[in-house]
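Structural overview
Now for the letters of each chain:
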Amino acid sequence: MARALFLGGLGRSGTTLVERLLGELPGVCALGEVVHLWQRDIRDDERCGCGARFSQCTFWRRVGALAFGGWHNVDVDRVHYLQAAVERTRHIPRLATAVEAPEEVHEYAEYYTRVYAAAAEVSGARLVVDSSKHSALAHVLRWSSDLDLRVLHVVRDARGVAYSWTKTVQRPEADGSDEMTRYSPGRSALLWNAHNAAFGLLARRGVAVHRIRYEEFLADPRAALTTIAEFAGVPLGDGDLDFLQPDHADLRIGHSAAGNPMRFTVGRLPLRRDDAWVRALPSRQRRLVGTVCGPMLRAYGYPLSAPEAK
Ligand SMILES: [Zn+2]
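Throughout what follows, the structure given in this document is the object of discussion. (Residues numbered from 1 in each chain as written. Predicted model: local features only at pLDDT ≥ 70, side-chain atom pairs only at ≥ 80, totals over all residues. Heavy atoms only, no water.)

This part takes up the overall build of the chain. Secondary structure assignment for the chain yields 14 helices and seven strands. Relative to the compact-globule value of 19 Å for 310 residues, the chain shows a C-alpha radius of gyration of 19 Å, a close match. Projecting the C-alpha coordinates of the chain onto the three principal axes gives extents of approximately 55 × 45 × 40 Å. Residue burial in the chain is summarised as follows: out of 310 residues, 52% are buried. Relative to all contacts within the chain whose residues are 6 or more apart in sequence, the contacts with residues 24 or more apart total 77%. Working note: accessible area of the chain is about 13,600 Å², and carbon and sulfur atoms make up 49% of it. Distance between charge centres in the chain, computed from 40 positive and 36 negative side chains, equals 7 Å. (Helix = DSSP H or I, 4+ residues; strand = E, 2+ residues; numbered from the N terminus. Rg over C-alpha atoms; globule rule 2.2 N^0.38 Å. Buried < 20%, exposed > 50% of the residue type's maximum accessible area, 1.4 Å probe, protein only. Contact = heavy atoms within 4.5 Å. Areas by Shrake-Rupley, 256 points an atom, 1.4 Å probe, with all protein chains shown as cover. Lys, Arg positive; Asp, Glu negative; His and termini not counted. Charge placed at Lys NZ, Arg CZ, Asp CG, Glu CD.)

Here it is as structure tokens:
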């Protein structure tokens, strides 16, 4: 049975950085956002984190061969149909309360568990990391009988998340002028509430969920990674965190299939808090997000009064 650590949370919460550091741990294989593999990789042949086209990456070729007898055997239209049918935020209440899930939920989950199991075998890892983030997908994977699912719920201050969503980020893997989605602060505040609440619900359904605050993770990555590794069943030994320096990490090449451009970083990755929102998010928007997300910000231990700009 494959063991997968699913990184959950609203986008722009720091999951890519957490994933990159987890990928450096022995016995861990980080896969990127598997939710996008079907379209961006199998169909569009975008670049793997190693820099090669998906179809040319040896790691993913072997995973595809083992999981499906080759990626050409995956019916991407069927995956998209299932994705639209079951992996929807509005379906979470039903997925969370059902006694038995519809057959389509099992069928959709099966695509993921096959990828996880094959990736574990090809890499020799004891744990694969999927940073897909989507809460609805985590609720789908809960129904997989053939998976040891553990969820790392990454929370970042909603005001920092909101600011990040207003910025323009290019997607280099598409080799075009493609940009990542942008949301207004009001929209991202509502999404922040919904997705974070969904992971709380998942924990109440008996799934192993460990929550971290991204700001705390960055303040002491060594301690955070030690705790996460233990939670994920891959406890660390001496020297396993030698890639961590006080202000940066030294990264090797990874095979992240899709996600934030940081997945291409090799070598030095700076580890510092990004508090740009404190200065740059207009006060009206900051108050809006603070009001909409207030109850959960408080529950997670964030101060509602704005921190001082440094
Ligand atoms: Zn690769």
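With that out of the way, let us pick up the coordination of the zinc ion. The zinc ion binds to the protein through Cys48 (SG), Cys50 (SG), Cys57 (SG) and His255 (ND1); the donor distances cover 2.1 to 2.4 Å. The coordination sphere of the zinc ion comprises four donor atoms, whose angles at the metal cover 98 to 118 degrees; the geometry is tetrahedral. Along the chain, the residues donating to the zinc ion fall in the pattern C-x1-C-x6-C-x197-H. Judged by its relative accessible area of 26%, Cys50 falls in the partly exposed class. (Donors = N, O, S within 2.8 Å, 3.2 Å for Na, K, Ca; no water. Tetrahedral: all angles 85-135°; square planar, octahedral: opposite > 155°, others 65-115°.)

Estimates place the volume of the largest pocket at around 1,300 Å³. Gly11, Arg12, Lys133, Trp165 and Met180 are the residues nearest the centre of the largest pocket, which is lined by 47 residues in total. Along the lines of polarity and charge, the residues of the lining of the largest pocket split into 15 nonpolar, 18 polar and 14 charged. The space that makes up the second largest pocket amounts to roughly 320 Å³. Lining the second largest pocket are 16 residues; nearest its centre among them are Gly23, Val28, Ala30, Ile253 and Gly254. Residue assignment for the lining of the second largest pocket shows that the elements contributing at least two residues are helix H1 (15-22) and strand S2 (28-30). Examining the composition of the lining of the second largest pocket, we find that three residues originate from one element, S2, more than from any other. Within the lining of the second largest pocket, the residues separate by chemical class into seven nonpolar, five polar and four charged. (1 Å grid on protein atoms, 1.4 Å probe; cavity = no way out; pocket = protein on both sides within 12 Å on 5 of 7 lines; lining within 4 Å. Points joined across faces, edges and corners; volume = space filled by probe spheres on them. Nonpolar A, V, L, I, M, F, W, Y, C, P; charged D, E, K, R; others polar.)

This part takes up the nonpolar core. Leu31, Trp38, Trp60, Tyr112 and Tyr116 are the most contacted members of the largest nonpolar core, which totals 50 residues. Put simply, the parts of the chain that give this core at least two residues each are strand S1 (2-8), helix H2 (37-43), helix H3 (58-68), helix H4 (76-86), helix H6 (103-123), helix H7 (135-141), strand S4 (147-155) and helix H9 (185-204). Broken down by element, the residue count for this core peaks at 11 residues, all from H6. Residue contacts for Trp60: discarding those within four places in its chain leaves Leu31, Leu37, Cys48, Phe54, Trp71, Val115, His255 and Ala257. In this structure, Leu17, Leu21, Ile228 and Phe243 belong to the second largest nonpolar core, which totals 31 residues. (Core = buried A, V, L, I, M, F, W, Y, C linked by side-chain atoms within 4.5 Å.)

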